Protein chains: 2
Amino acid sequence: MGLKERKERDRQEMKETILQSAHQLFVDKGFDDVSIRNIAEAIEYSPATIYLYFKDKNEIFYALHGEAFKKFNEFLAPLATVKDPFKRLIKMGELYMEFTFKFPKYYDIMFIMQAPMDCDVNSKEWKEGESAHSQLENVVNECQLQGYFKGKEYKTLSFLIWSTMHGMCSLALRDRLKIYEEQERSKMIDKSFKMFKQILSEL
Amino acid sequence: MGLKERKERDRQEMKETILQSAHQLFVDKGFDDVSIRNIAEAIEYSPATIYLYFKDKNEIFYALHGEAFKKFNEFLAPLATVKDPFKRLIKMGELYMEFTFKFPKYYDIMFIMQAPMDCDVNSKEWKEGESAHSQLENVVNECQLQGYFKGKEYKTLSFLIWSTMHGMCSLALRDRLKIYEEQERSKMIDKSFKMFKQILSEL
DNA sequence: AAAAATAATAAACAGTGTTCATTTTAATAA
DNA sequence: TTATTAAAATGAACACTGTTTATTATTTTT
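Every value quoted in this text rests on a predicted model; they were computed, and no experiment measured them.

Calculation criteria
- Residues numbered from 1 in each chain as written.
- Chains lettered and ligands numbered in written order.
- Predicted model: local features only at pLDDT ≥ 70, side-chain atom pairs only at ≥ 80, totals over all residues.
- Heavy atoms only, no water.
- Near = heavy atom within 4 Å.
- Polar contact = N/O pair within 3.5 Å; in protein donor to acceptor, adjacent residues only side chain to side chain.
- Helix = DSSP H or I, 4+ residues; strand = E, 2+ residues; numbered from the N terminus.
- Nonpolar A, V, L, I, M, F, W, Y, C, P; charged D, E, K, R; others polar.
- Least-squares fit on C-alpha atoms with pLDDT ≥ 70 in both.
- Contact = heavy atoms within 4.5 Å.
- Domains from an automatic or database assignment.
- Buried area = accessible area lost by both parts, 1.4 Å probe.
- Salt bridge = Lys/Arg side-chain N within 4 Å of Asp/Glu carboxyl O.
- Disulfide = S-S within 2.5 Å.
- Buried < 20%, exposed > 50% of the residue type's maximum accessible area, 1.4 Å probe, protein only.
- Phe/Tyr/Trp six-rings, centres within 6.5 Å; stacked < 30°, edge-to-face > 60°.
- Lys NZ or Arg CZ within 6 Å of the ring centre and 35° of its normal.
- 1 Å grid on protein atoms, 1.4 Å probe; cavity = no way out; pocket = protein on both sides within 12 Å on 5 of 7 lines; lining within 4 Å.
- Points joined across faces, edges and corners; volume = space filled by probe spheres on them.

Some words on the protein's contact with DNA strand D
- Close contacts around DNA strand D come from 20 residues, with A:Arg6, A:Arg37, A:Tyr51, B:Thr49 and B:Tyr53 the closest.
- Within 4 Å of the protein, the atoms of DNA strand D are drawn from sugar and phosphate moieties in a proportion of 57%.
- Contact between DNA strand D and B:Tyr53: a phosphate oxygen at 2.6 Å from a side-chain N or O atom of the residue.
- For the surface near DNA strand D, the secondary structure elements donating two or more residues are α1 (3–29), α2 (36–42) and α3 (47–53) of chain A together with α3 (47–53) of chain B.
- The element contributing the most residues to the surface near DNA strand D is α3(B), with four residues.
- Along the lines of polarity and charge, the residues of the surface near DNA strand D split into nine nonpolar, four polar and seven charged.

As structure tokens, this is what we get:
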């Protein structure tokens, strides 16, 4: 009687196949430059078949969005070994930045791209994203227990820290540093990040 | 003998007409959702005509990009009346934020959208953008002369300040604050901006 | 083996940016 | 004023896009 189950398994496998192809193309070219037809061609199915497994391109967006956050959370795994909360916060920033420039297309989909309105706040993809964020809030909170960031609301400060990191990363990714000389440019991110860390340590 | 000149004037007028239509549509719908055909229809010309005045859609992007920065610089005009450099810096941040949420489509094109690689660094559109940025660096520099931000490179700090403002604004514009409760969300930007101003004052 | 259910697809629709041969309009010369 | 030349505008096409639907092929069930 394992028929229904096998059917369901096949279905999940097909979804997985589609997503793997989408993933591959997407990492190379970015979401907007990958068409349904591209994905279909890669898996040697017709474009219409994609629509039997995903409602529309947005649904693929969300799947990749979730995948990106999962990858991001894995990327943050080394944090577990850092006991001191402030050091962990700093390390977190460093990993954030490393991830950004190592997987720019993922960063794009995670934080920059116009995300479709209708997202399911209860999906496991969403939880994956929430996890990363609460990890930040937790470490900031822990810092406060150790005497850092006195008199500052940890949630607000967390958002401010995230904003700063995101600002630097997204301006770089979206080529808004051309106001700086070629040489200056590459070091601007490093220098400002260094300054940011210093400011945090004196807060 | 003013024939060549009139021709050139007509040409500029037509470019202006196209740009005005593009502008209007764009402010409503955003760049990606405005097609060449939309613009053509609005000015009652054929789509092909647009290409007699603009090389491609990117060239229209740049024109609007320049326009946005011009508008932004005008928006910053009130700064001239603020003598104290630190107060001026704060006011600049407030205007930056106000501009962002008043003209989100412009902000998008200025700082978020993937800008085409081939931009002319010597164009007047570009200078307009540079002006806003050097205004920031100048005011930060002036702050230092008054004793603020001791021991910090003003250019680096300027970028860090910009990054923070951009981070908050762009995360909000791109709907990345859904991790916060509906009620909390609307106040998060205000609270973090307030905290940022406080941090700056103690730097 | 026939009937019912499922899966895959070809073809079409309405849209996109862009190009080019053709036609219309305007300026010049006879 | 008319014929010729130069400029401006366009219709139609190309190669794409996301998406839908009627049709065909494949399984599963009777």
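There's plenty left to go through after this.
A closer look at the relation of the copies chain A and chain B
- It takes a turn of 180° to lay chain A on chain B, together with a shift of 0.0 Å along the axis; the resulting RMSD is 0.1 Å. Here the two chains are linked by the operation of a two-fold rotation axis.
- Of the residues that chain A buries at the interface, 100% are likewise interface residues in chain B, meaning the two copies contact each other through the same surface.

A closer look at the domain arrangement of chain A
Residue and element names in this part refer to chain A.
- We note that the domain assignment places domain 1 (1–54) and domain 2 (58–201) within chain A.
- Here the C-alpha centroids of domain 1 and domain 2 sit 30 Å apart.
- The contact between domain 1 and domain 2 buries some 1100 Å² in all, and 79% of this surface belongs to carbon and sulfur atoms.
- Inspection of the domain 1/domain 2 interface yields zero salt bridges.

With respect to the interface of chain A and chain B
- Facing 49 residues of chain A, the contacting portion of chain B comprises 49 residues.
- Overall, the association of chain A and chain B removes approximately 4200 Å² of surface from exposure, summing both partners, and the carbon and sulfur fraction of that is 64%.
- Linking chain A to chain B there are four salt bridges.
- Here A:Glu184 ties to B:Lys155 by a salt bridge, and the two come within 3.7 Å at their closest N and O atoms.
- Across the chain A-chain B interface, the total number found is 15 residue pairs in polar contact (both at pLDDT 80 or more).
- When contributions to the side of chain A that touches chain B are tallied by element, the ones reaching two or more residues are α6 (104–112), α7 (124–145), α8 (154–173) and α9 (182–201) of chain A.
- Examining the composition of the side of chain A that touches chain B, we find that 14 residues originate from one element, α8(A), more than from any other.
- A class-by-class count of the residues in the side of chain A that touches chain B yields 26 nonpolar, 10 polar and 13 charged.

Some remarks on the state of the cysteines
- For the structure shown, the criterion picks out zero disulfides over all chains.
- This cysteine, A:Cys143, is not joined by any disulfide, and A:Cys169 carries the nearest cysteine sulfur, 19 Å off.
- Considering cysteine sulfurs only, A:Cys169 is the nearest to B:Cys169, which forms no disulfide, with 17 Å between them.
- By relative accessible area, which is 0% here, B:Cys169 ends up buried.

Remarks on the environment of B:Lys71
Residue and element names in this part refer to chain B.
- Position of Lys-71 relative to the elements: it lies in helix α4 (residues 57–75).
- Between the alpha carbons of Lys-71 and Glu-128 there is a distance of 9.5 Å; along the sequence they are 57 residues apart.
- When near neighbours in sequence (up to four residues on either side) are disregarded, Lys-71 contacts Phe-99, Phe-103 and Tyr-106.

Here we look at the packing of aromatic side chains
- What the rule picks out here adds up to 40 aromatic pairs over all chains.
- With 5.7 Å between their ring centres and 85° between their planes, B:Tyr96 and B:Tyr107 make a pair best called edge-to-face. Taken together, the positions of B:Tyr96 in helix α5 (residues 85–102) and B:Tyr107 in helix α6 (residues 104–112) put the pair 11 residues apart, joining distant regions of the chain. Like B:Tyr96, the residue B:Tyr107 is buried in the burial classification.
- For the cation-ring pair, A:Lys15 lies above A:Phe54, with the distance from its terminal atom to the ring centre recorded as 5.0 Å.

Examining the pattern of salt bridges
Residues and elements named next belong to chain B.
- Under the definition given, this model contains 17 salt bridges over all chains.
- In this structure, the salt-bridge partner of Arg-185 is Glu-182, at a minimum N-O distance of 3.8 Å. Of this pair, Arg-185 and Glu-182 both sit in helix α9 (residues 182–201), three residues apart, which is roughly one turn of the helix.

Considering the layout of surface pockets
- Taken as a whole, the largest pocket encloses approximately 1100 Å³ of empty space.
- What lines the largest pocket is a set of 35 residues, among which A:Asp32, A:Arg174, B:Asp32, B:Met113 and B:Arg174 lie closest to the centre.
- If you list the elements that add at least two residues to the lining of the largest pocket, you get α1, α4 (57–75) and α6 of chain A together with α1 (3–29), α4 and α6 of chain B.
- Residues that form the lining of the largest pocket fall into these classes: 16 nonpolar, six polar and 13 charged.
- Roughly 760 Å³ of volume is contained in the second largest pocket.
- What lines the second largest pocket is a set of 26 residues, among which A:Glu59, A:Tyr62, A:Ala63, A:Lys124 and A:Glu125 lie closest to the centre.
- When residues of the lining of the second largest pocket are traced back to their parent elements, those giving at least two are α1, α4 and α7 of chain A.
- Its residues placed into classes, the lining of the second largest pocket shows seven nonpolar, five polar and 14 charged.
- Residues from two domains meet in the lining of the second largest pocket; each of domain 1 (1–54) and domain 2 (58–201) of chain A gives at least three.

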